[in-house]
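Results of the structural survey
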Amino acid sequence: MSSSRMYRDGSLVAQDFPANEVKERLAEDDRVVVWLDICQPSEDDLRLLAEELGMHELALEDIVQQAQRAKLDRYDTHLFLNTYMVRLDAAGGLTDVEVSAFVKPRALVTVRYNDRFDIREVLARWDESAELAPHGVAFLLYGLLDTLIDGHFTAVQQLDSTLEQVQGVMFKGGATNRDEVQRRIFTARRNLVRLRQVTLPMREVVNSLMRPTMHTVDPEMLPYYQDLYDHVLRVIEWSDSLRDLNTTMLETNLMLQNNQLNLIVKKVTGWAAIIAVPTAVTGFFGQNLAFPWRHTPAEFIISLVVTFGLAISLYLVFRKKTWI
C-alpha cells in the first residue's frame, strides 16, 4: 500500500500514482520533486527501492530488520533517516512507531511498518506550509520531521502532567494510594527512558541535515531546521528534568513509606508500654494467680488504682507527644 505526490516548481501537479512510476516522473523534468510513501513494505516494494530508485542495500537491510536507533546514514546517492513517532496511550504507556525515509536530491521516500503512524498528519503539514514547496525535498523532509518532533514534544508535555498528578496523590496516604503512586512512578520512568532513547539521537540527526556538506537544506530553509533543532533540544532538556523529578519522587515516596512505618512502630511501642504497666503491677502483687480478688479488699483497690492510673498517665503522655 503506497501514496505519492509530485510537485513541479512548488505546485502539486499529481498524486496517488503507482510506485513504479516514480522513476519515470523524475525523468520528465529537473524541476520535478516526488514523494512516495510505502506502508508495510513487501518484497516487491524492497525490489523497487533497490532496482528502480537505487537505494543502498545496507539501508534496505535496516528496513527489514527494524527496531533501529534514530539515525541519519549517508550514502553516495541518498541519505537514510530512521526515527520514531511516540504517543501516550490511554493506559499511560508510551508507544512508538518506527518511520524511515530515503532522501534523494529530488525525491523523498517514507517507509512505515504499520498504519499506527497516520501519514495524513504529514500531508496536512505540507498543505499548511505550501509556500515552502518550491524548496523541494528540504520542504518535504521538514514537514515530516516537524510532525515527528511535535509528537515528541506532546509526549513530554503529557508525561509532565502525569507526574504532576502523581505528586497530588503522593501525600494523601493510604496503602492503596502508595501502591498506585509506586506503579505510576515506575511507569513514568520507563516512558522517560524510552523517550530519551528516541529523542536524544534526533539532536545529531537535525544538526547533520543542516550541514552544507549534506546538500539537503538550502539557506532559505535553514531557519526552519534551526527551529526543529531548538525543539529537539527543549524536548531533551525537558525529559532530563522530568527524569530527575521522577527520581526525586521515587525517593520521596520511599521516604514517606519509611515514615509511615516508623509511625506504626512508634504507636505499637506506645501501646505495648501501656499494656506492660498492668502486667507489671498485677505480677508484682501476685495477681497472676487464678483468683486475685481473694486478698484483702484494700490491696485489690490499691492495685487497680495504680494499674489504671499509670496506664492512663502513659496514654495521656503518649497522646500529647502524638506517639499514638
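Numbering of residues begins from 1 in every chain and follows the order in which that chain's sequence is written. pLDDT decides what is reported in this predicted model: residues at 70 or higher carry local features, side-chain atom pairs at 80 or more are listed and counted, and totals for whole chains, interfaces and linings draw on all residues regardless. As a rule here, side-chain values cover all heavy atoms of the structure and leave hydrogens and water aside.

For the protein, an unreviewed UniProt entry supplies the name Magnesium transporter CorA family protein and the organism Plantactinospora solaniradicis. Quoted verbatim from the Sequence similarities (unreviewed entry) heading of the UniProt record, the comment on the protein is "Belongs to the CorA metal ion transporter (MIT) (TC 1.A.35) family." As stated in UniProt under Subcellular location (unreviewed entry), the record for the protein gives "Cell membrane". UniProt positions are given in the numbering used here, feature names are shortened, and annotations may be inferred rather than shown by experiment.

Concerning a nonpolar patch on the surface
A surface patch of nonpolar side chains, about 700 Å² in accessible area, is lined by Trp 271, Ile 275, Leu 304, Phe 308, Ile 312, Tyr 315 and Leu 316. Numbering goes from the N terminus for both helices and strands, where a helix is a DSSP run of H or I of at least four residues and a strand is a run of E of at least two. Within the residue set of the nonpolar patch, elements represented by two or more residues are α7 (222-284) and α8 (297-320). The dominant element in the nonpolar patch, judged by the number of residues it contributes, is α8, at five residues. Within the secondary structure, Tyr 315 sits in helix α8. Each residue gets one of three labels from its accessible area relative to the maximum for its type: buried under 20%, exposed over 50%, partly exposed in between, using a 1.4 Å probe on protein chains only. Classification of Tyr 315 as partly exposed rests on a relative accessible area of 31%. Patches in this entry comprise residues that are over 30% relatively accessible and not in a salt bridge; like charges within 9 Å are linked, as are nonpolar side chains (Val, Leu, Ile, Met, Phe, Trp, Tyr) within 5 Å. Computed by Shrake-Rupley with a 1.4 Å probe, the accessible areas treat only the displayed protein chains as cover when residues are assessed. When a carboxyl oxygen of Asp or Glu lies within 4 Å of a side-chain nitrogen of Lys or Arg, that pair is called a salt bridge.

Thoughts on the pattern of salt bridges
Under the definition given, this model contains 17 salt bridges. The salt bridge partner of Asp 62 is Lys 71, with a shortest N-O separation of 2.8 Å. Owing to a relative accessible area of 10%, Asp 62 belongs among the buried residues under this scheme. Asp 118 is paired through a salt bridge with Arg 120; the nearest N and O atoms lie 3.0 Å apart. Judged by its relative accessible area of 25%, Asp 118 is partly exposed. Through salt bridges with shared partners, one network takes in Arg 8, Asp 9, Glu 28, Asp 29 and Arg 31.

Section: the nonpolar core
The nonpolar side chains of a soluble globular protein tend to be buried, and buried together. Counting residues in each nonpolar core, the largest one holds 43 residues, and the members touching the most others are Phe 117, Trp 126, Leu 141, Leu 209 and Tyr 225. At the level of elements, β3 (32-39), β5 (79-88), β6 (94-104), α4 (120-128), α5 (137-170), α6 (175-209) and α7 are the ones that each hand at least two residues to this core. Examining the composition of this core, we find that ten residues originate from one element, α5, more than from any other. For Leu 141, the contacting residues outside a window of four places in its chain are Leu 81, Val 103, Leu 108, Leu 209, Thr 216 and Tyr 225. What we call a nonpolar core is a set of buried Ala, Val, Leu, Ile, Met, Phe, Trp, Tyr and Cys residues that are connected through their side-chain atoms within 4.5 Å. Among the nonpolar cores identified, the runner-up in size contains 25 residues, and Phe 17, Leu 26, Ala 59 and Leu 60 belong to it. Contacts are assigned to residue pairs with any non-hydrogen atoms lying within 4.5 Å of each other.

A short note on the packing of helix α2 (residues 43-52) against helix α3 (residues 57-65)
Direction vectors running N to C along α2 and α3 enclose 165°, while the axes themselves pass 11 Å from each other. Accordingly, the angle class assigned to the pair α2 and α3 is roughly antiparallel. Relative to α3, the crossing made by α2 is right-handed. Taken together, the residues of α3 that come into contact with α2 (itself represented by Leu 46, Leu 49 and Ala 50) are Leu 60, Ile 63 and Val 64. For this scheme, ten residues count as nonpolar: Ala, Val, Leu, Ile, Met, Phe, Trp, Tyr, Cys and Pro. Four count as charged, namely Asp, Glu, Lys and Arg, and the remainder, Gly too, count as polar. Of the residues belonging to the contact of α2 with α3, the class tally is six nonpolar, no polar and no charged. Note on geometry: axes are C-alpha line fits, over the in-contact stretch for helices, and angles between N-to-C directions span 0 to 180 degrees. The labels follow the angle: roughly parallel below 35 degrees, roughly antiparallel above 145, roughly perpendicular from 65 to 115, and oblique for the rest. For a crossing to be left-handed, the near helix must be turned anticlockwise from the far one by less than a right angle; the clockwise case is right-handed.

Observations concerning the sheet that holds strand β1 (residues 2-8)
As summarised here, the arrangement of the seven strands in space is β2-β1-β3-β7-β6-β5-β4, forming an open sheet in which the pairing is mixed. With partners counted over all chains shown, the strands left at the sheet margins are β2 (11-15) and β4 (71-74), one partner each. Here the average twist between neighbouring strands, direction ignored, is 20°. The sheet strands contacting α5 are β1, β3, β5, β6 and β7 (107-112), and the helix crosses β5 at an angle near 30°. Criterion used throughout: strands pair if DSSP finds at least two bridges between them.

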